[in-house]
Each structure stands twice: as C-alpha cells, then as structure tokens.
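# Commentary on secondary and tertiary structure
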Amino acid sequence: MKHLQYNFDFEVYDSITDLSEEDASLLAQARSMTDNAYAPYSHFFVGAVAKLANDKLVSGTNQENASFPVGICAERALLASSAALYPTVPIQTMAISYHNHNINGNNHHPISPCGMCRQALLEHETRYGQTIRLILSGQEGKVYIIAKSSLLLPLSFTGENLGM
Ligand code: THU
C-alpha cells in the first residue's frame, strides 16, 4: 500500500485592483453579468465571461427552472454558447462571479464551480487541447486565479476511460 497526494497551486489576490488590466476587465464584466442571471429560486445570481483564442468575449449566466434539475449553471451556459458561436475556437480564460441576494448570503468569497461544471470545463479542455484559466471571485474581495480548470478535478473521468 502507498499514499499518493494531490496538490495544486493557485494564486490569491486581495482585490480586483491587484489584477492585470485584462484580468480585471474580465472579472468586472463577470460581476456585472450577474445582473442577467435568472435565479428566482436560489437567489444566487452567477455571471461568467470568457475570452476566446480569437479575442472574442462570450458570456453566460445561470438559468433556473421551476423544475429545479432543468436549470443550468452560468459556466455551462457559457460553454454551450461558446461552442455554438465559435465551434473551432478554444476558451483561454473564464472569469466567474456571483451576486448572492439571500439575506444571510455573502458576496466576498470567491465562487467555486460545481462538480458538473468542472466536468464540463474538462471536456472543453480535452476537446480543444487548450487549458482554461479561471478567475474566481465574488462581487468584492479576494480573487483566485487557477491556471487550468482540470486542476479542480483530480482523478477525472474522460473519453480515455471509455477506450476512445
Ligand atoms: N451556480 C452556477 O451557475 N455556477 C456555480 O459555479 C455555482 C452554482 C448556480 C446554480 C443555481 O442556479 C444557483 O447557482 C444555486 O446553486
């Protein structure tokens, strides 16, 4: 028997003002994009904006449904939109933010993409052979930058597991 470890490094910034101009702009747009979310059930409004390899920007917001499982997260809405608009162009960087309208909700902790979105991000990385850099934040406060989204999904399941 042996123990194996999985570690990853990521960058933590105190504020959007510590980011490069380009990253700050992407995050500011993700923060604003939360206004376009449709979240009447959770009141947790998520916005994502990505820069593609062709320099185009694509956005996504969460879209909820009275039949809860039908709803889709902002990240996967963005991935679908990007692949529909620019099917051959990979995403380089995605900024994700949220606006929590719940009474006890805070808005300063960096968002953490859900497991299903981590799997979808990984598929995009595999499909395009391009890693996706993530900028994660709330409406204010600290910012996490993760060099590639696959770091968030160790021991992942991919097409290779299907023998493809
Ligand atoms: N949600 C996202 O859109 N992205 C995330 O990274 C976390 C969660 C959405 C799903 C649902 O509409 C609401 O936030 C509460 O879970």
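Above this text you will find the structure in question.
Below: a short report on this structure.

### A few points about the packing of aromatic side chains
Tallied over the entire structure, the rule returns 5 aromatic pairs. The interplanar angle of 15° and the centroid separation of 4.9 Å between the aromatic rings of Phe44 and Tyr98 together place this pair among those described as stacked. Taken together, the positions of Phe44 in strand β2 (residues 44–52) and Tyr98 in strand β4 (residues 91–100) put the pair 54 residues apart, joining distant regions of the chain. Owing to a relative accessible area of 27%, Phe44 belongs among the partly exposed residues under this scheme. These aromatic residues form a ring-pair network of at least three members: Tyr6, Phe8, Phe10 and Tyr144.

### Considerations on the site of the ligand
Every residue close to the ligand is listed here: Ser42, Phe44, Val46, Asn62, Glu64, Cys73, Ala74, Glu75, Ile111, Ser112, Pro113 and Cys114. Backbone polar atom of Ala74 to an oxygen atom of the ligand: 2.9 Å apart, as the coordinates give it. A distance of 2.5 Å separates an oxygen atom of the ligand from a polar side-chain atom of Glu75. If the ligand stood free it would expose 370 Å²; the protein chains cover 76% of that surface.

### A look at the sheet that holds β4
One key point about sheets: their strands pair by backbone hydrogen bonds, in either a parallel or an antiparallel sense. Reading across the sheet, the 6 strands line up as β1-β6-β5-β4-β2-β3 and stay open at both edges, with mixed pairing between neighbours. The sheet is open, and its two borders are formed by β1 (11–13) and β3 (57–61), each paired with just one other strand. Adjacent strand axes in the sheet meet at a mean angle of 15°, parallel and antiparallel pairs treated alike. Docked against the sheet, helix α2 (residues 74–85) engages β2, β3 and β4, running at close to 140° with respect to β3.

### Things to note about the pattern of salt bridges
For the coordinates displayed, the defined rule picks out 4 salt bridges. A salt bridge links Lys51 to Glu22, with the shortest nitrogen-to-oxygen separation between them at 3.7 Å. Residue Lys51 is located in strand β2, and its partner Glu22 is located in helix α1 (residues 21–33); the two are separated by 29 residues in the primary sequence. By relative accessible area, Lys51 is classed as buried at 15%. When the shortest N-O distance is used, the salt bridge between Asp55 and Lys51 registers 3.1 Å. The exposure class of Asp55 is exposed, given its relative accessible area of 56%. Connected via shared salt-bridge partners are Glu22, Lys51 and Asp55.

Criteria and cut-off values
Residues numbered from 1 in each chain as written. Predicted model: local features only at pLDDT ≥ 70, side-chain atom pairs only at ≥ 80, totals over all residues. Heavy atoms only, no water. Phe/Tyr/Trp six-rings, centres within 6.5 Å; stacked < 30°, edge-to-face > 60°. Helix = DSSP H or I, 4+ residues; strand = E, 2+ residues; numbered from the N terminus. Buried < 20%, exposed > 50% of the residue type's maximum accessible area, 1.4 Å probe, protein only. Near = heavy atom within 4 Å. Polar contact = N/O pair within 3.5 Å; in protein donor to acceptor, adjacent residues only side chain to side chain. Areas by Shrake-Rupley, 256 points an atom, 1.4 Å probe, with all protein chains shown as cover. Pairing = 2+ DSSP bridges. Axes fitted to C-alpha atoms, helices over the stretch in contact; angles between N-to-C directions. Contact = heavy atoms within 4.5 Å. Salt bridge = Lys/Arg side-chain N within 4 Å of Asp/Glu carboxyl O.

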